[in-house]
Amino acid sequence: DNCLHKLITLRRMLDNREQLALALNNLGYLYYEEGKYNEAREVYLEGLDIIRLLESGRSRYFLLASLADLERDCGYYEKAREYYQEALLLVGANEPYMRCETLTHLATVYRWQGRAEAAMTCVQDAMTIARSHQLLAAYQEAHIESMHIKLQPYNIRTVAHEGQKY
């Protein structure tokens with residue numbers, strides 16, 4: 001935690017916005033793992049504000065995906081869906097692994113909302129991409145999600161961190 005704060009301070013001094021945004025993404029992930037969801041959200045949003053001024057789609061993608069994961073896990077499914085969809089627009093077809101991963105995570109949001117058909121469409125797209133690019137890990141992740149959808153198509157998830165509303 002202290003090392004990340006020092007790195008962020010250094011990146012600010014050097015005015016390296018892309019590296020600063022990535023360091024903020026890492027700090028946000030640390031907060032997320034520690035259960036500090038509000039702090040994670042603030043850091044992710046700061047990183048997005050910094051990176052929006054740059055042309056770096058890849059760094060912006062990582063921040064959007066991280067923020068989407070956080071919102072999904074806190075039960076803010078519509079916000080998560082919006083962030084995942086924005087991330088998908090950024091990666092396009094150029095990053096098949098990241099596209100597969102994002103589609104699979106979006107499928108989880110749809111499944112938790114009880115939207116099995118939309119969820120299945122996402123995982124089928126992810127599996128098609130993974131198969132065509134020989135991405136075994138991405139295919140397996142999408143396949144596992146498809147099994148969850150088939151076994152529990154209307155399993156609406158309750159908010160895991162109800163005390164973390166903001």
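Residues numbered from 1 in each chain as written. Predicted model: local features only at pLDDT ≥ 70, side-chain atom pairs only at ≥ 80, totals over all residues. Heavy atoms only, no water.

*Asks:* Explain helix α2 (residues 17-33) to me, and be specific about the residues and the numbers.
*Replies:* Its 17 residues place the ends of α2 24 Å apart at the C-alpha level, agreeing with the 24 Å of an ideal helix rising 1.5 Å per residue. Among the residues of α2, those classed as buried are Leu20, Ala21, Ala23, Leu24, Asn25, Leu27, Gly28, Tyr31 and Tyr32. Buried residues belonging to α2 abut α1 (2-14), α3 (37-51) and α4 (57-73). Looking one or two residues beyond α2, the residue adopting positive phi is Gly35, at roughly 80°. (Helix = DSSP H or I, 4+ residues; strand = E, 2+ residues; numbered from the N terminus. Expected span 1.5 Å × (residues − 1). Buried < 20%, exposed > 50% of the residue type's maximum accessible area, 1.4 Å probe, protein only. Contact = heavy atoms within 4.5 Å.)

*Asks:* Quick one: what's the story with the pattern of salt bridges, residue by residue and with numbers?
*Replies:* Tallying each qualifying case throughout the model produces 10 salt bridges. In this structure, Arg60 engages Glu86 in a salt bridge whose closest nitrogen and oxygen atoms are separated by 2.4 Å. Taken together, the positions of Arg60 in helix α4 and Glu86 in helix α5 (residues 77-91) put the pair 26 residues apart, joining distant regions of the chain. The closest approach of N and O atoms between Glu78 and Arg81, which form a salt bridge, is 2.6 Å. With Glu78 and Arg81 both in helix α5 and 3 residues apart, the pair spans about one turn of that helix. Given the relative accessible area of 35%, Glu78 is considered partly exposed. Three or more residues joined by partner-sharing salt bridges are found here, namely Arg52, Arg60 and Glu86. (Salt bridge = Lys/Arg side-chain N within 4 Å of Asp/Glu carboxyl O.)

*Asks:* Which residues make up unusual backbone geometry, and what values do they have?
*Replies:* With a phi angle near 55°, Asp15 is a residue other than glycine that sits in the positive phi range. Checked against the element boundaries, Asp15 lands in the loop between α1 and α2. The exposure class of Asp15 is exposed, given its relative accessible area of 52%. Backbone geometry places Gln134, a non-glycine residue, at a positive phi of 55°. Here Gln134 shows up in the loop between α7 (116-132) and α8 (136-151). Taking relative accessible area as the criterion, Gln134 reaches 73% and is therefore assigned exposed.

*Asks:* Before we move on, can you summarise α5 with the specific residues and values?
*Replies:* Here α5 spans 21 Å end to end across 15 residues, near enough to the 21 Å set by a 1.5 Å rise per residue. Looking at α5, one finds that the buried residues are Tyr77, Ala80, Arg81, Tyr83, Tyr84, Ala87, Leu88 and Val91. Down the axis of α5, the sector holding all buried residues measures 165°, keeping them to one side. Lining the buried residues of α5 we find α3, α4 and α6 (96-112). (Arc of directions from axis to C-beta.)

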